[in-house]
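Fold and contact review
Chain by chain, the residues run as shown.
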Amino acid sequence: MGSKKESLIRIVGAANVLDDPATLEAFSRDESLAPPRSPWFVVRPTETAQVQALVAWANETKTPLVPVSSGGPRFLGDSVPSVPEAVVVDLSGMSRILKIDTRNRIAVIEPGVTYPQLDAALREKGLRIARPLAPRPAKSVVASLLERQPTVIPRLQYNLPEPLRTCGVVWGTGEIAFTGEAGSGPASLEDQWKRGGAQVDPKGPFATDLLRLVTGAQGSMGIVVWASVRLDVAPSVHEYTFVPGRSLEELAPFWQKVTRTRLGDEVSILNAAQLAQLVGKDAAAIEGLRRALPPYVVVIGLGGAALFPGERVAVQRKDLDRIVVSCGLTRLASLPGIALADLAPLFEGCPAEPHWKLRFRGASQQVFFLSKIEKVGPLVSAVLSAAEAAGIPAADAAVYVQPQHQGVVQHVEVTLPYDPADARQKAAAKAALGKASRAAMEAGGYFSRPYGEWADMVYARDADAKLVLRTVKGIVDPNNVMNPGKLCF
């Protein structure tokens, strides 16, 4: 162990090799039900050359590496070591914004860049990035996009990883490659910029599509050391409006028409418990809000940028009203108990801590998957019934539906809160997670991001995909040093 530590110190410096009990404990567990396991060390590289050296060292010593770039709280178990004697590679120190290209609306950033950091830089240039709902302040932008977290503006999403475009990745072999159009130019960002390259097109290099190997991979293929992300002009006039409904089935035809016509910016569907947990400051406030709010609400953001922004919003509002009337619904300018100022941090910023998933009962588990729009209502009903049968009240469950890929597919997420200090509730949450996940899968939910126990459920049903993934893994990470134990590895 001593010789390993000395080797790591030679690569990243003594200050960046940590093995104190507090640090190891922080990386040994998260908010998921993944079994805790302490890493040997936590190392913090600050440049690409150090990452390459770490991966080369891992291959020489057969030491597992677990890449992490976001700060806590973490929820999915992907950053908890699955095998003993692993080294966590904490990329939060690689936090430079390498370039903001206003002409091509592209930012090139390192994996440690967080949403608040990028927001501040983009605000000065009148730009924004499509983002997930209510990301925590320590959330890495690159990690969020690599794991295909749903973003809240479906009309700006041309494929599921959008707005991720190209990236530089150190494979498990230690070799570095650029994806997309960046892979067809010099192996240096600076040289590409001098030649007019902008790292815009995610396809390639040539006939390959290497980006697909690192998205949703949970760090099991390599370590991304930079990424380019697509930007959009920030609206100068922006307002939120609401369309309530009694059920998802009642609202589905409405939000389908809205996303199909590319109307508005943000389009998200939330139940009363989800809205209350996002906005409420404590359990009592959340309970009160939940009772006052409609069962389900479609939240729509209308924005206007460039020329005549106010007029753009007014036209969108009129078009929206026509769709509302055609669906037999009503539109509200506000919701009971929620100030419009409370919504901006959810859709445009990062809400205050504690994170909303911990605010109601102290802990929660999530079931999420992709679905066709016509299956959303039945799938949510199946999940809620299974959770209720396991002991988690359906009234407490937060339901969030996010249209993706310009409304082609729906991200469905159900959050099950519980008290972690209550052994009975904790056991109920574990049982509910398993039962609800199986119910969703059997009812047709597509688990495109199979974390934890979902991986066995998914790959047991698709032997061909399992074989292909293991073949690719054997090419880019032959010694299985990159986050082993995740997915089907």
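Our subject is the structure that appears above.
A few points on the structure. (Residues numbered from 1 in each chain as written. Predicted model: local features only at pLDDT ≥ 70, side-chain atom pairs only at ≥ 80, totals over all residues. Heavy atoms only, no water.)

**Topic: the overall build of the chain**
What the chain contains, in helices and strands, is 17 helices and 17 strands. In terms of C-alpha radius of gyration, the chain reaches 22 Å, essentially the compact-globule figure of 23 Å for 489 residues. By principal-axis analysis of the C-alpha atoms, the chain measures approximately 70 × 60 × 40 Å. When burial is assessed residue by residue, the chain has 57% of its 489 residues classed as buried. Considering only contacts in the chain between residues 6 or more positions apart, those separated by 24 or more positions represent 73%. Here the chain contributes 54 positively and 49 negatively charged side chains, and the mean placements of these two sets differ by 3 Å. (Helix = DSSP H or I, 4+ residues; strand = E, 2+ residues; numbered from the N terminus. Rg over C-alpha atoms; globule rule 2.2 N^0.38 Å. Buried < 20%, exposed > 50% of the residue type's maximum accessible area, 1.4 Å probe, protein only. Contact = heavy atoms within 4.5 Å. Lys, Arg positive; Asp, Glu negative; His and termini not counted. Charge placed at Lys NZ, Arg CZ, Asp CG, Glu CD.)

**Considerations on the nonpolar core**
Within soluble globular proteins, side chains that are nonpolar generally end up buried alongside one another. Counting 87 residues, the largest nonpolar core has L248, F254, W255 and V298 as its most contacted members. Those residues in contact with F254, other than ones at most four positions away along the chain, are V243, V298, I300, L320, I323, V324, C327 and L329. (Core = buried A, V, L, I, M, F, W, Y, C linked by side-chain atoms within 4.5 Å.)

**Notes on the sheet that holds strand β10 (residues 222-230)**
Spatial ordering of the open sheet is given by β5-β6-β10-β8-β9, a layout of 5 strands whose pairing is antiparallel. Strands with a single pairing partner mark the edges of an open sheet, and in this sheet they are β5 (97-101) and β9 (176-178). For this sheet the average axis-to-axis angle between neighbouring strands, irrespective of direction, equals 15°. Taken together, the 7 bridges between strand β8 (residues 164-171) and β10 define a ladder with antiparallel strand orientation. Along β10, the bridge assignment pairs V169 with V224. Most of the contacts of helix α4 (residues 115-123) go to β5, to which it runs at about 35°, and overall it touches β5 and β6 (106-109). (Pairing = 2+ DSSP bridges. Axes fitted to C-alpha atoms, helices over the stretch in contact; angles between N-to-C directions.)

**Observations regarding the packing of aromatic side chains**
Under the defined criterion, the tally for this structure stands at 7 aromatic pairs. Seen in terms of ring centroids, F178 and W226 are 5.0 Å apart; in terms of plane orientation they differ by 85°. Their pairing is edge-to-face. You can see F178 sitting in strand β9 and its partner W226 sitting in strand β10, a full 48 residues away along the chain. A relative accessible area of 11% places F178 in the buried class. When its relative accessible area of 4% is taken as the criterion, W226 is described as buried. Relative to W454, the ring of F368 lies with its centre 5.0 Å away and its plane at 85°, an arrangement referred to as edge-to-face. Pair noted here: F368 is in strand β15 (residues 363-371) and W454 is in helix α16 (residues 454-459), with a separation of 86 residues, a long-range link. Just as F368 is buried, W454 falls in that class too. Here the aromatic residues F368, F369, F447, Y451 and W454 are joined through ring pairs into a cluster of three or more. Across from the ring centre of F75, 5.0 Å away, lies the NZ or CZ of K357, which sits over that ring. When the ring centre of F360 is taken as origin, the NZ or CZ atom of R361, which lies over that ring, is 4.0 Å away. (Phe/Tyr/Trp six-rings, centres within 6.5 Å; stacked < 30°, edge-to-face > 60°. Lys NZ or Arg CZ within 6 Å of the ring centre and 35° of its normal.)

**Considerations on the side chain of E162**
With respect to the secondary-structure elements, E162 resides in the loop between α5 (141-146) and β8. Overall, E162 belongs to the buried group, its relative accessible area being 3%. A distance of 3.1 Å separates a polar atom in the side chain of E162 from a polar atom in the side chain of R165. Discounting residues that sit within four places of it in the chain, E162 has contacts with L145, T151, L156, Q157 and R230. (Polar contact = N/O pair within 3.5 Å; in protein donor to acceptor, adjacent residues only side chain to side chain.)

**Regarding the packing of helix α8 (residues 248-260) against helix α11 (residues 309-326)**
Relative orientation of the contacting elements α8 and α11 amounts to 150°, with a least axis distance of 9 Å. Put simply, α8 runs roughly antiparallel to α11. As α8 runs across α11, the sense of the crossing is right-handed. Along its contact with α8, which presents F254, K257 and V258, the element α11 presents L320, I323, V324 and S326. For the contact of α8 with α11, a count of residues per class yields 5 nonpolar, 1 polar and 1 charged. (Parallel < 35°, antiparallel > 145°, perpendicular 65-115°, else oblique. Left-handed = near helix turned anticlockwise from the far one by under 90°. Nonpolar A, V, L, I, M, F, W, Y, C, P; charged D, E, K, R; others polar.)

**Focus: the side chain of D232**
The residue D232 is located in strand β11 (residues 232-233) in this model. Those residues in contact with D232, other than ones at most four positions away along the chain, are R105, G126, L127, R128, R155 and L156.

**Side note on the pairing of strand β17 (residues 409-418)**
With respect to burial, β17 is a largely interior element, 10 of its 10 residues being buried. Of the two faces of β17, the one carrying V409, H411, E413, T415 and P417 and the one carrying Q410, V412, V414, L416 and Y418 are both buried. Relative to β17, strand β16 (residues 398-404) runs antiparallel, the two being bridged by 7 bridges. Paired with Q402 across the strands is H411, a residue of β17.

**Brief notes about unusual backbone geometry**
For the peptide bond that leads from G72 to P73, omega is -5°, which places it in the cis range. Relative to the helices and strands, P73 resides in the loop between β3 (65-68) and β4 (87-90). Here E162 and P163 are connected by a cis peptide whose omega angle stands at 10°. Along the chain, the position of P163 falls in the loop between α5 and β8. In this structure, R148 is a non-glycine residue whose phi angle is positive, near 55°. As for its placement among the helices and strands, R148 is situated in the loop between α5 and β8. On the basis of relative accessible area, R148 is assigned to the buried category, the value being 19%. Phi angles above zero are rare outside glycine, and F206 is one such case at about 55°. The topology assignment puts F206 in the loop between α6 (189-194) and α7 (211-214).

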